[in-house]
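If you want the building blocks of each chain, they are given just below.
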Amino acid sequence: MNIKYFSWLRDRIGIEEDDIELELESISVKELIDLLAKKSDRHFEALKDTSIIRCAVNLEVVNFDHKISKNDEVALFPPMTGG
Amino acid sequence: MIKVQKHDFDVNKELKLLSNKTNIGGISFFVGLVRDDSEKDRCHSMTLQHYPEMTERMLEQIEREAQTRWNIINSIIIHRYGKLFPGDKIVLVGTSSEHRKEAIKACEFLIDWLKTKAPFWKLEERESGSKWVEENVKDVEAVKNWK
């Protein structure tokens, strides 16, 4: 599964995208973040405060209990600041 | 109409496009600019990052929502990305309608919604260093007020 990062999440983790192998057919957003946080210290630090993290699955913002499937497009980012 | 672009835009050109029908009685515009808001910690530039695959789609959804709520004849959202400097235009929202209130309300709604629903992130390059702009509570409240 490919995960895109934006804004300070990208800076703090130090990469634009991640790839992880999913053992299950689907996983919740919260479970995905917990899994990613274990990848490195930088991941852990960037992802520890989930109150300031948002997730889009297939280009739509979703809640943390949303189930993600293997082929979904996933992105993690802080609250948007357009305009 | 939605445009996501790096280059600047011409408000007069968009004004002509918004007023292309004879039943249009009013046009409302909002133009957002890069602001240098601090004497102590000058903002030299601002870099707007976005999620290209998602941006146009979200802006289209926001535009459709405005069209369902108000009787607007034309609408346009132009949002820039990349490196901008104080005084540069960032965003343009324009609406036209038969009567003024529809255009004004729809314009206000569009800018309020896109502030927190369009996937853009602003990096301010200040005297003290670079800093990502945080979500503004007032912007979140503004969206809630539209119900």
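Cut-offs and rules
- Residues numbered from 1 in each chain as written.
- Chains lettered and ligands numbered in written order.
- Predicted model: local features only at pLDDT ≥ 70, side-chain atom pairs only at ≥ 80, totals over all residues.
- Helix = DSSP H or I, 4+ residues; strand = E, 2+ residues; numbered from the N terminus.
- Buried ≥ 20, exposed ≤ 12 C-beta atoms within 10 Å, placed from the backbone.
- Contact = placed C-beta atoms within 7 Å.
- Pairing = 2+ DSSP bridges.
- Axes fitted to C-alpha atoms, helices over the stretch in contact; angles between N-to-C directions.
- Core = buried A, V, L, I, M, F, W, Y, C linked by C-beta atoms within 7 Å.
- Arc of directions from axis to C-beta.
- pLDDT = per-residue confidence, 0-100.
- Parallel < 35°, antiparallel > 145°, perpendicular 65-115°, else oblique.
- Left-handed = near helix turned anticlockwise from the far one by under 90°.
- Nonpolar A, V, L, I, M, F, W, Y, C, P; charged D, E, K, R; others polar.

## Section: the overall build of chain A
Now for step 1: Along the backbone of chain A there are three helices and seven strands.
Now for step 2: Expressed along its principal axes, the backbone C-alpha trace of chain A runs to roughly 35 × 30 × 20 Å.
Now for step 3: Burial status across chain A gives 30% buried among its 83 residues.
Now for step 4: Considering only residue pairs separated by 6 or more positions, chain A has 54% of its internal contacts joining residues 24 or more positions apart.

## Some details on the sheet that holds strand β6 (residues 89-97) of chain B
All names here are of chain B.
Now for step 1: A sheet is described by the order of its strands in space; here four strands give the open sequence β1-β4-β6-β2, paired in mixed fashion. Here the strands that pair on one side only, and so sit at the sheet edges, are β1 (2-5) and β2 (26-33). Sheet twist, expressed as the mean angle between neighbouring strand axes with direction ignored, is 10°.
Now for step 2: Here β2 pairs with β6 via eight bridges, running antiparallel. Across the sheet, the residue bridging to glycine 32 is valine 91, located in β6.
Now for step 3: Each of β1 and β4 (72-80) is contacted by helix α2 (residues 52-69), which is oriented at about 155° to β4, the strand it contacts most.

## Some details on the nonpolar core
Now for step 1: Core analysis: the largest hydrophobic core is formed by 49 residues, its most contacted members being Ala75 of chain A together with Ile62, Leu110 and Leu114 of chain B.
Now for step 2: When residues of this core are assigned to their parent elements, the largest contribution, eight residues, is made by helix α3 (residues 100-117) of chain B.
Now for step 3: When residues no more than four places from it in sequence are discounted, the contact partners of alanine 75 of chain A are Ile3, Lys4, Phe6 and Ala56 of chain A together with Tyr51 of chain B.

## Quick word on unusual backbone geometry
Now for step 1: Even without glycine at this site, serine 7 of chain A takes up a positive phi of about 60°.
Now for step 2: Among the secondary structure elements, serine 7 of chain A is positioned in helix α1 (residues 7-13).
Now for step 3: Look at serine 7 of chain A and you get buried, because 23 C-beta atoms sit within 10 Å.
Now for step 4: With phi around 65°, lysine 147 of chain B is a residue other than glycine that occupies positive phi space.

## Quick look at helix α2 (residues 29-37) of chain A
Now for step 1: Along α2 of chain A, the positions that sit buried rather than exposed are Val29, Leu32 and Leu36 of chain A. In an axial view of α2 of chain A, the angular spread of the buried residues amounts to 60°, which keeps them on one side of the axis.

## So, the interface of chain B and chain A
Now for step 1: Facing the 21 residues of chain B at the interface are 13 residues of chain A.
Now for step 2: Broken down by secondary-structure element, the contributors of at least two residues to the side of chain B that touches chain A are α2, α3 and β7 (120-126) of chain B.
Now for step 3: Of all the elements, α3 of chain B adds the most residues to the side of chain B that touches chain A, at five residues.

## Observations regarding the confidence of the model for chain B
Now for step 1: For chain B, per-residue confidence averages 95 on the pLDDT scale, and residues scoring 70 or more make up 100% of the total.
Now for step 2: With pTM at 0.94, the complex prediction returns an ipTM value of 0.94.

## Description of the packing of α3 of chain B against helix α4 (residues 137-145) of chain B
All names here are of chain B.
Now for step 1: Between α3 and α4, the shortest axis-to-axis distance is 9 Å and the interhelical angle comes to 125°. Judged by the inter-axis angle, α3 sits oblique to α4. As for how α3 packs across α4, the hand of that crossing is left-handed. On α4, the residues touching Asp112, Trp113, Lys115 and Thr116 of α3 are Asp139, Val140, Ala142 and Val143.
Now for step 2: By residue class, the composition of the contact of α3 with α4 is four nonpolar, one polar and three charged.

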